[in-house]
Amino acid sequence: MKILVVEDEIDLQESIADGLKIDGYAVDICDNGEDAYELLFVENYDLVILDLNLPKMDGLEVLSKIRNEKPELKIIILSARSSVDDKVKGLDIGANDYLSKPFDFAELEARIRSLLRRKFTQESGILIYDKMKVNLLKRIVTIGEDEIVLTKKEFSLLEYFLLNKDRVVSSEELIEHIWDSNVDIFSGAIRVHISCLRKKIKTILGYDPIETKIGEGYILV
Ligand code: CA
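Predicted model only: the values in this text are computed from it and were never measured.

A. Looking closely at the sheet that holds strand 2 (residues 26–30). Sheet architecture is open: five strands sit in the order 2-1-3-4-5, paired in parallel fashion. Edge positions in the sheet fall to strand 2 and strand 5 (97–100), since each of these pairs with one other strand and no more. The sheet shows a mean angle of 20 degrees between the axes of neighbouring strands, taken without regard to direction. Pairing of strand 4 (residues 74–79) with strand 5, which is carried by four bridges, proceeds in the parallel orientation. Along strand 5, the bridge assignment pairs Ile-76 with Asp-97. The strands touched by helix 1 (residues 10–22) are strand 1 (2–6), strand 2, strand 3 (47–51) and strand 4; relative to strand 2, the strand with the most contacts, the crossing angle is about 170 degrees.

B. Just the coordination of the calcium ion, in detail. For the calcium ion, the protein coordination sphere consists of Asp-8 (OD), Asp-51 (OD) and Asn-53 (O), at 2.1 to 2.4 Å. The sequence motif formed by the donor residues of the calcium ion is D-x42-D-x1-N. For Asp-51, a relative accessible area of 2% translates into the label buried. When its relative accessible area of 40% is taken as the criterion, Asn-53 is described as partly exposed.

C. Local environment of a negative patch on the surface. Residues Asp-8, Asp-31, Glu-34, Asp-35 and Glu-38 make up a contiguous surface patch of negative charge. Note on placement: Asp-35 falls in helix 2 (residues 33–42). With relative accessibility at 34%, the residue Asp-35 sits in the partly exposed group.

D. Spotlight on the sheet that holds strand 6 (residues 126–129). The antiparallel open sheet is built from four strands, whose spatial order is 6-7-8-9. The open sheet terminates on both sides in strands that have one partner only, identified here as strand 6 and strand 9 (146–148). Between one strand and the next, the sheet's axes are offset by a mean angle of 30 degrees, whatever the strand orientation. By the bridge criterion, three bridges tie strand 8 (residues 140–143) to strand 9 in an arrangement that is antiparallel. Residue pairing for strand 9: Ile-143 is matched across the bridge by Asp-146. Of the strands in this sheet, strand 6, strand 7 (132–135) and strand 8 are in contact with helix 6 (residues 152–163), which crosses strand 7 at around 105 degrees.

E. Representation of the packing of helix 7 (residues 171–178) against helix 8 (residues 187–205) within the structure. Put simply, helix 7 and helix 8 touch, their axes get as near as 10 Å, and they point 80 degrees apart. Judged by the angle between their axes, helix 7 and helix 8 are roughly perpendicular. Residues Ser-171, Leu-174 and Ile-175 of helix 7 form the contact with helix 8, whose own contacting residues are Ser-187, Ile-190 and Ile-194. Of the residues that constitute the contact of helix 7 with helix 8, the class distribution is four nonpolar, two polar and no charged.

Procedures and definitions
- Residues numbered from 1 in each chain as written.
- Predicted model: local features only at pLDDT ≥ 70, side-chain atom pairs only at ≥ 80, totals over all residues.
- Heavy atoms only, no water.
- Pairing = 2+ DSSP bridges.
- Helix = DSSP H or I, 4+ residues; strand = E, 2+ residues; numbered from the N terminus.
- Axes fitted to C-alpha atoms, helices over the stretch in contact; angles between N-to-C directions.
- Contact = heavy atoms within 4.5 Å.
- Donors = N, O, S within 2.8 Å, 3.2 Å for Na, K, Ca; no water.
- Buried < 20%, exposed > 50% of the residue type's maximum accessible area, 1.4 Å probe, protein only.
- Patch = residues over 30% accessible without salt bridge, like charges linked within 9 Å, V, L, I, M, F, W, Y side chains within 5 Å.
- Areas by Shrake-Rupley, 256 points an atom, 1.4 Å probe, with all protein chains shown as cover.
- Salt bridge = Lys/Arg side-chain N within 4 Å of Asp/Glu carboxyl O.
- Lys, Arg positive; Asp, Glu negative; His and termini not counted.
- Charge placed at Lys NZ, Arg CZ, Asp CG, Glu CD.
- Parallel < 35°, antiparallel > 145°, perpendicular 65-115°, else oblique.
- Nonpolar A, V, L, I, M, F, W, Y, C, P; charged D, E, K, R; others polar.

Shown next, in the form of structure tokens:
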């Protein structure tokens, strides 16, 4: 899952970005409205955290310009403007949620989880595949009492495959949603991560549920 953090207070921007990276999200950052608008147009984010008071272009303007283009994008407004008016305006233009500053990071995390999950799955945050239990909140995979050790990227790949089960997912799509935009990653590198993940799953389940579709990508069936 890839998130864009738009915030011109650099300390806050960094602390949000660092916290979200620890949670396993791919994170891009940006400190003004114009760049935010361009990035949102070009990149495929799953969610954006959008400050309202921004240089160059106001957050509400970014929101109104991007909403029609990206109906699927989840948007959380983050702002010191705590008046009811701004909140209503933001939600009217199409933000999915609103947090007033100062806020608790745990609260932001919870809102993000709920929005990203709302798209697909059950509230518990646990996905079950055969004998595997994948806990999206704790980011761990267990079989019975045993935990399976996955790297961050392997977990993110598995999560993405499970949330997009029975659909062919291309390498480009995986790169877009799992790696941040500064990382220069090629399909060769992604193949290595996927192959490690598949080996681990195969050891556990006794079979490999991910298939390669030559020239198209991968599918978890
Ligand atoms: Ca600001």
